[in-house]
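Examining the three-dimensional arrangement
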Amino acid sequence: MPAQHEESNRLLTVADVANWLNISGSLVYQLVESGKIPVIRIGNGRGAIRFESRDIAVYIESCRLEKTGQAAPSVVPRLKHIKLAPFKAPADSFGWETSPTRSFSPRR
């Protein structure tokens, strides 16, 4: 077998992928968990995970943004679990309620 063919068929480890993408190993695991990068599991149980280089190349292409003249759509996280109570201004040091609509100017 030619050396080039062997190298292209070699399975990559998490460390290999992290080095290739210049990211941390934990981010590689997050990409695997989210289903963005397919893996090959080797061994019993959870086993070791390995990657094919073509799958990583496909992932890189999927991350590429085309120049369209438009800004990338912003993703706003849904924070339904957070409930905010109405704001009540704290009392100042003299016990007076402060009002956000009332402004105070310094004396001259």
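Notes on the structure in this doc start here. (Residues numbered from 1 in each chain as written. Predicted model: local features only at pLDDT ≥ 70, side-chain atom pairs only at ≥ 80, totals over all residues. Heavy atoms only, no water.)

1. A closer look at the packing of helix H2 (residues 14–21) against helix H3 (residues 25–33)
Relative orientation of the contacting elements H2 and H3 amounts to 100 degrees, with a least axis distance of 9 Å. In terms of orientation, H2 and H3 fall into the roughly perpendicular class. Of the residues in H3, those touching H2 at Val14, Val17 and Ala18 are Gly25, Val28 and Tyr29. Here the residues of the contact of H2 with H3 sort into five nonpolar, one polar and no charged. (Axes fitted to C-alpha atoms, helices over the stretch in contact; angles between N-to-C directions. Helix = DSSP H or I, 4+ residues; strand = E, 2+ residues; numbered from the N terminus. Parallel < 35°, antiparallel > 145°, perpendicular 65-115°, else oblique. Contact = heavy atoms within 4.5 Å. Nonpolar A, V, L, I, M, F, W, Y, C, P; charged D, E, K, R; others polar.)

2. Regarding H3
Turning to H3, its buried residues are Val28, Leu31 and Val32. One face of H3 carries all of its buried residues, which in axial projection span an arc of 100 degrees. The outward face of H3, more than 90 degrees from its buried face, is lined by the exposed residues Gln30 and Glu33. On the buried face of H3, the contacting elements are H2, strand E2 (48–50) and helix H4 (53–63). Glycine 35 lies just past H3 and shows a positive phi near 85 degrees. (Buried < 20%, exposed > 50% of the residue type's maximum accessible area, 1.4 Å probe, protein only. Arc of directions from axis to C-beta.)

3. Quick look at the packing of H2 against H4
Viewed as axis vectors pointing N to C, H2 and H4 meet at an angle of 35 degrees, and their least axial separation amounts to 12 Å. For the crossing formed where H2 meets H4, the hand is right-handed. The segment H2 lies against H4, with Val17, Trp20 and Leu21 engaging Ser53, Ile56, Ala57, Tyr59 and Ile60. Split into classes, the residues belonging to the contact of H2 with H4 amount to seven nonpolar, one polar and no charged. (Left-handed = near helix turned anticlockwise from the far one by under 90°.)

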